[in-house]
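Examining the three-dimensional arrangement
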Amino acid sequence: MADFSSDYGLSSGGGSDKAEAAELQRLIAIEQQKAQFQAQVHNFTDVCWDKCVDKPSSKLDSRTETCLESCVERFIDTTLTITNRFSQMVQKGAH
């Protein structure tokens, strides 16, 4: 079996261990953000689908389409408002 480190271009040398760890943490953070985004999309898809779609069909009528658009926009606006508020709270707490 091949060495994991060499397969992925990671050296096992001492000097670059901190740089590799930092890069790995950065990549993990990016993947976590992607997962959070996908979970959020899944969540508002479920909420808006339940709210707006009475009966599934091969085509959306204009009422359903408008409802879905408004629902997603409200969900995004609310998420941004909450995120900004938390950011403000963190900044005030850091000072």
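If you're wondering where the values come from, they're calculated on a predicted model, not measured in any experiment.

About the cut-offs
Residues numbered from 1 in each chain as written. Predicted model: local features only at pLDDT ≥ 70, side-chain atom pairs only at ≥ 80, totals over all residues. Heavy atoms only, no water. Patch = residues over 30% accessible without salt bridge, like charges linked within 9 Å, V, L, I, M, F, W, Y side chains within 5 Å. Areas by Shrake-Rupley, 256 points an atom, 1.4 Å probe, with all protein chains shown as cover. Salt bridge = Lys/Arg side-chain N within 4 Å of Asp/Glu carboxyl O. Helix = DSSP H or I, 4+ residues; strand = E, 2+ residues; numbered from the N terminus. Buried < 20%, exposed > 50% of the residue type's maximum accessible area, 1.4 Å probe, protein only. Polar contact = N/O pair within 3.5 Å; in protein donor to acceptor, adjacent residues only side chain to side chain. Contact = heavy atoms within 4.5 Å. pLDDT = per-residue confidence, 0-100.

**Observations concerning a nonpolar patch on the surface**
On the surface, I82, F86 and M89 cluster together into a nonpolar patch covering about 310 Å² of accessible area. Inspection of the secondary structure puts M89 in helix α3 (residues 62-94). Here M89 falls in the partly exposed class, since its relative accessible area comes to 43%.

**Some thoughts on the side chain of T64**
By the element assignment, T64 lies in helix α3. Among the polar contacts made by the side chain of T64, one reaches the side chain of D61 at a distance of 2.6 Å. Apart from the residues lying within four places of it in its own chain, the contact partners of T64 are C52 and V53.

**Remarks on the confidence of the model for the chain**
Looking at the chain, pLDDT values average 84 and 82% of them are 70 or higher. Least confident of the elements in the chain is helix α1 (residues 4-7), whose mean pLDDT is 49; most confident is helix α2 (residues 17-52), at 91.

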